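So the chains spell out like this:
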Amino acid sequence: MQKITILNCLSTFIIASLCLLFGRDAYSLDLGVGDWRQGYTYTTGNNFFGNSQKDGSFDFREIGINVMGHVYPNLLIAAQGLYRNAGGSDTDNFRLDFANLDYQLPLNNKSTVGIRLGRIKNPFGLYNDTRDVIWTRPGVTLPQSVYFDALALRQAMISSDGGLIYGHHAIGEHAFNAEFVTANPLDNTGGASEFLTGHANAPGKMTGRPLFVGRAGYQWKEGRFRLLFSIVDLDRDFKSSSPAVSSGSIKTLYPLASAQLNLEKWSFTAEYGQVILERSESLTPDGAAFKNTSESFYVQSEYRFAPAWTALLRFDAFFANIHDRSGKKSAQLTGLPKHNFFAKDITFGLRWEFARNFLVVANRQPSTISGLRGGRQLGLNYRHVFLSFLT
């Protein structure tokens, strides 16, 4: 039923867009398969993207179908439906990634403002609003301490249903950007409810006030140097549909600072964030209000050593409690091993654009990841190869 509904929504959006487009002077419209991605993962330790131990797993594939065009010179329509199979960590299969109308109003030759309505991409950090395009990602996966693909939070993080206002102002080689979103979050998809409530397979749904997302940025020389500050403000109520799980409220604040330097052959990137999570007494095992701050960061370098080749080196870290980075206090309280409450990993990557519109990306992660994922320990030593075709 969900797949049919999403397909109907995408079809309706495309038909309406075509009617708008051809009801007036024709501008431009592109419709087609945006890109196709197939991955192979081999791990020792736990499974990742399917049954990846022993013989490895091909259970990671994505196919994007998109439409984009101008109804008027300043009015853009854009939509993408995505089929995604991530080997159990993402169970929604086909979904509507985004579908929106974007109206842009130039104030002068230096300043522009605009509004975007529909299912919009959430402007967060350096990669969130382009994470569906592997050509824009530095590796096979984004840094998991910040972007949470392994927790099945991708769909809730990438887009929401509502509106976005934005502005851009340039002064010589300097540019300033600001974006603000108020929208209904997609927190009833994937593993969002489980992550927010702390209950596995939480029966019920999220309601409450809209999601607020903001991002402000500065760039020099058209992206040679970039600074960003992003923040997510979520205040939701969980309405349980089972007497075994209580209803309750959840508040989440997620500030993130980002920096990037792009040189001729080198790029250096770093992001640092904290997730401040609060749960009401009814959602905690001991009946006491829960408040916790986790810490995430990564540093990354990319080296373009040949026209079609790029190497990647990244250090990624996550601490479930900023006041207990060793995990000792959390281990004493829960009885779980202390390494369940932090994660550190090093990733080596290589990408090769071997032909026009074809890309191969490979990641090797020789270190052990430890962390809390749905109450289970995650320990991985993995190799991941990704083939992508862009039309």
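Quick look at the structure, then. (Residues numbered from 1 in each chain as written. Predicted model: local features only at pLDDT ≥ 70, side-chain atom pairs only at ≥ 80, totals over all residues. Heavy atoms only, no water.)

Turning our eyes to something else, we now look at the nonpolar core. Within the largest apolar cluster, 33 residues are counted, with the highest numbers of intra-cluster contacts made by Phe238, Ile250 and Tyr254. Ranked by residue count, the leading element in this core is strand E10 (residues 225–240), at 4 residues. With sequence-adjacent residues up to four places away left out, Ile250 is seen in contact with Leu196, Thr197, Met206, Leu234, Asp235, Arg236, Phe238, Leu277, Glu278 and Leu283. In terms of nonpolar packing, the next biggest core, distinct from the first, is built from 5 residues, Ile134, Trp135, Val140 and Val361 among them. (Core = buried A, V, L, I, M, F, W, Y, C linked by side-chain atoms within 4.5 Å. Buried < 20%, exposed > 50% of the residue type's maximum accessible area, 1.4 Å probe, protein only. Helix = DSSP H or I, 4+ residues; strand = E, 2+ residues; numbered from the N terminus. Contact = heavy atoms within 4.5 Å.)

Here the focus is a nonpolar patch on the surface. Together, Tyr103, Leu105, Leu107, Val113, Ile115, Leu117, Ile165 and Phe180 line one region of the surface with nonpolar side chains, adding up to about 690 Å² of accessible area. Among the elements of the structure, strand E4 (93–106) and strand E5 (111–121) are those that each provide at least two residues to the nonpolar patch. With 3 residues, E5 is the largest single contributor of residues to the nonpolar patch. (Patch = residues over 30% accessible without salt bridge, like charges linked within 9 Å, V, L, I, M, F, W, Y side chains within 5 Å. Areas by Shrake-Rupley, 256 points an atom, 1.4 Å probe, with all protein chains shown as cover. Salt bridge = Lys/Arg side-chain N within 4 Å of Asp/Glu carboxyl O.)

Let us now look at the packing of aromatic side chains. Considering all chains together, one arrives at 14 aromatic pairs under this definition. Taking 4.5 Å as the distance between ring centres and 20 degrees as the angle between the ring planes, the aromatic pair formed by Trp266 and Tyr303 counts as stacked. Of this pair, Trp266 sits in strand E12 (residues 266–279) while Tyr303 sits in strand E13 (residues 290–306), and the two are 37 residues apart along the sequence. Judged by relative accessible area, which is 35%, Trp266 ranks as partly exposed. By way of ring pairs, the aromatic residues Trp266, Phe268, Tyr303, Phe305, Trp309, Trp352, Phe354 and Phe358 are connected into one cluster. One cation-aromatic arrangement involves Arg325 over Phe319; the distance from NZ or CZ to the ring centre is 5.9 Å. (Phe/Tyr/Trp six-rings, centres within 6.5 Å; stacked < 30°, edge-to-face > 60°. Lys NZ or Arg CZ within 6 Å of the ring centre and 35° of its normal.)

This next bit is on the environment of Leu234. Topologically, Leu234 is positioned in strand E10. Leu234 gets classed as buried once you look at its relative accessible area, which sits at 10%. The spatial distance from the C-alpha of Leu234 to the C-alpha of Leu211 is 5.3 Å, given a sequence separation of 23 residues. The residues touching Leu234, leaving out its near neighbours within four places in the chain, are Pro185, Asp187, Leu196, Arg209, Leu211, Ile250, Lys251 and Thr252.

In this section: the pairing of strand E11 (residues 248–262). The sheet contact formed by E10 and E11 spans 14 bridges and is antiparallel. Bridge pairing in E11 places Arg226 opposite Gln260. The pairing of E11 with E12 spans 11 bridges and is classified as antiparallel. Residue Leu261 lies in a different strand from E12, and its bridge partner there is Phe268. If you look at the hairpin formed by E11 and E12, you'll find 3 residues sitting between the two strands. (Pairing = 2+ DSSP bridges.)

The tally for this structure, following the rule as stated, stands at 7 salt bridges. In this structure, Arg116 engages Asp102 in a salt bridge whose closest nitrogen and oxygen atoms are separated by 2.8 Å. Of this pair, Arg116 sits in strand E5 while Asp102 sits in strand E4, placing them 14 residues apart in sequence. The class of Asp102 is buried, set by a relative accessible area of 9%. Glu295 is the partner of Arg325 in a salt bridge, and the nearest nitrogen-oxygen pair spans 2.8 Å. Taken as a pair, Arg325 in the loop between strand E14 (309–319) and helix H5 (328–334) and Glu295 in strand E13 lie far apart in primary sequence, 30 residues in all. By sharing partners, the salt bridges in this structure join Asp129, Glu179 and Arg215 into a single network.

Another point: unusual backbone geometry. Look at Lys221: it is not a glycine, yet its phi comes out positive at around 55 degrees. Residue Lys221 is classed as partly exposed on the basis of its relative accessible area of 36%. For Glu222, which is not a glycine, the phi torsion comes out positive at approximately 55 degrees. Checked against the element boundaries, Glu222 lands in the loop between strand E9 (211–220) and E10. Judged by relative accessible area, Glu222 falls into the exposed class, the value being 81%.

To continue, consider the pairing of strand E6 (residues 159–171). As a general feature of sheets, a regular strand has side chains that alternate between the two faces. Judged from the 11 bridges that link them, E5 and E6 form a sheet pairing that is antiparallel. Of the residues in E6, the one forming a bridge with Lys121 is Ser159. In this sheet, strand E7 (residues 174–185) lies alongside E6 in antiparallel orientation, the contact comprising 12 bridges. Its bridge partner being in E7, Gly167 is matched across the sheet by Ala178.

Let us look at the environment of Tyr103. Mapped onto the fold, Tyr103 is located in strand E4. On the basis of relative accessible area, Tyr103 is assigned to the partly exposed category, the value being 39%. Linking Tyr103 and His70, residues 33 residues apart in sequence, is a C-alpha distance of 9.9 Å.

Note that all results are geometric; they support no functional claim without further evidence.
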